[in-house]
Amino acid sequence: MSEKQSREAHETDRRITIRWKGMLALSIVLISLGLFVDWPPPQETSVPTTSSFLIILGGFLGAVGLLTVLRGE
């Protein structure tokens, strides 16, 4: 039974590692899109610009990825 639990714990750790790496990669892509792509201005004044939205979303996703790493260790 201990071997089965050890295998399941290892599988869980591997899945968590894949998730945080994916979150950090996606956050880098979103922040890069927000910084380097020239987006047209929004048609409504109450809507934030696309670049600022992508940077904020990328920062949030990166923070969640880093917190996942810290929680796993």
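Preceding block: the structure.
Residues numbered from 1 in each chain as written. Predicted model: local features only at pLDDT ≥ 70, side-chain atom pairs only at ≥ 80, totals over all residues. Heavy atoms only, no water.

### Considering the overall build of the protein
Here comes step 1: When helices and strands are tallied, the protein shows two helices and zero strands.
Here comes step 2: Against the 2.2 N^0.38 benchmark of 11 Å for 73 residues, the protein shows a C-alpha radius of gyration of 18 Å, more extended than a compact globule.
Here comes step 3: Projected onto its principal axes, the C-alpha coordinates of the protein cover approximately 60 × 20 × 15 Å.
Here comes step 4: Looking at the protein residue by residue over its 73 residues, the buried ones come to 14%.
Here comes step 5: Of the contacts formed within the protein by residues at least 6 apart in sequence, a portion of 65% connects residues at least 24 apart.
Here comes step 6: Looking at the protein as shown, the accessible area adds up to about 6000 Å², and 64% of this sits on carbon and sulfur atoms. (Helix = DSSP H or I, 4+ residues; strand = E, 2+ residues; numbered from the N terminus. Rg over C-alpha atoms; globule rule 2.2 N^0.38 Å. Buried < 20%, exposed > 50% of the residue type's maximum accessible area, 1.4 Å probe, protein only. Contact = heavy atoms within 4.5 Å. Areas by Shrake-Rupley, 256 points an atom, 1.4 Å probe, with all protein chains shown as cover.)

### Digging into the environment of A25
Here comes step 1: Inspection of the secondary structure puts A25 in helix α1 (residues 2-36).
Here comes step 2: Judged by its relative accessible area of 41%, A25 falls in the partly exposed class.
Here comes step 3: In sequence terms A25 and G65 are 40 residues apart; their C-alpha atoms lie 9.3 Å from each other.

### Considerations on the side chain of S27
Here comes step 1: Relative to the elements of secondary structure, S27 occurs in helix α1.
Here comes step 2: Setting aside chain neighbours within four positions, we find S27 in contact with G58, L61 and G62.

### Structural notes on a nonpolar patch on the surface
Here comes step 1: There is a patch of nonpolar side chains on the surface, built from L26, V29, L33, V37 and W39 and spanning about 380 Å² of accessible area.
Here comes step 2: Relative to the assigned elements, L33 resides in helix α1. (Patch = residues over 30% accessible without salt bridge, like charges linked within 9 Å, V, L, I, M, F, W, Y side chains within 5 Å. Salt bridge = Lys/Arg side-chain N within 4 Å of Asp/Glu carboxyl O.)

### Notes on the pattern of salt bridges
Here comes step 1: A full pass over the atoms with the stated rule returns two salt bridges.
Here comes step 2: We note a salt bridge from E11 to R14, for which the minimum N-O separation is 2.6 Å. With E11 and R14 both in helix α1, this residue pair falls three residues apart, about one helical turn.
Here comes step 3: Classification of E11 as partly exposed rests on a relative accessible area of 28%.
Here comes step 4: Looking at R14, the relative accessible area reads 40%, which means it is partly exposed.
Here comes step 5: R15 serves as the salt-bridge partner of E11, at 3.5 Å between the closest nitrogen and oxygen. Separated by four residues within a single helix, E11 and R15 lie in helix α1, roughly one turn from each other.
Here comes step 6: It is possible to trace a salt-bridge network through shared partners that takes in E11, R14 and R15.

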